[in-house]
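Residue-level listing of the chains:
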Amino acid sequence: MHCLHGWREVLPLLVDAVRSYMKVIEANKAPRTGSSASKAQERGFIMNVARSFNNWRKYRQTVSELGRMTSRELQDLGIDRSDIHSVARAAIAR
C-alpha cells in the first residue's frame, strides 16, 4: 500500500513531463526553420523530466524523514502527523 501512495503523489509530476514531451512532438511536426530550436526544445523536455524526478525525490525524502519522527518531535516543529504530506508538497514548491 505504501508504494501505491507514492505513485499517486508522483502522478502529477509525470503528467507534466508527458505534456512537455507532447509539446516537443508537436513542435517537431511543424516545418523546421532550424535544428537549434528543436534541440533547445529537446533539452527543455529533458530538463523538465529531470526537474520532475528531483521534485518527486525531494517529496519522498521529506515524507520519509518526517514519518520517522515521533509525534512529540513533530509537535515540537508545529507539524501534525496528518500534515506530513502537505508539508512535503510545500517543500517542493519552494
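Everything discussed here concerns the structure shown above.
Residues numbered from 1 in each chain as written. Predicted model: local features only at pLDDT ≥ 70, side-chain atom pairs only at ≥ 80, totals over all residues. Heavy atoms only, no water.

A. Structural context of the pattern of salt bridges. Taken as a whole, this structure holds one salt bridge when the rule is applied. Residue Arg72 pairs with Asp76 through a salt bridge whose shortest N-O separation is 3.8 Å. Highlighted residues: Arg72 and Asp76, both in helix α3 (residues 71-77), separated by four residues, approximately one helical turn. For Asp76, a relative accessible area of 55% corresponds to the exposed category. (Salt bridge = Lys/Arg side-chain N within 4 Å of Asp/Glu carboxyl O. Helix = DSSP H or I, 4+ residues; strand = E, 2+ residues; numbered from the N terminus. Buried < 20%, exposed > 50% of the residue type's maximum accessible area, 1.4 Å probe, protein only.)

B. Molecular detail of the nonpolar core. The biggest cluster of nonpolar side chains holds seven residues, and these are Tyr59, Val63, Leu66, Leu74, Ile79, Ile84 and Ala88. Listing elements by their share of this core, those giving two or more residues are α2 (35-68) and α4 (84-93). Tallying contributions element by element places α2 first for this core, with three residues. Aside from chain neighbours lying at most four places away, what touches Ala88 is Tyr59, Thr62 and Val63. (Core = buried A, V, L, I, M, F, W, Y, C linked by side-chain atoms within 4.5 Å. Contact = heavy atoms within 4.5 Å.)

C. Region of the structure containing the side chain of Asn48. Within the secondary structure, Asn48 is located in helix α2. Leaving out residues up to four positions away in the same chain, Asn48 has contacts with Asp16, Ala17 and Ser20.

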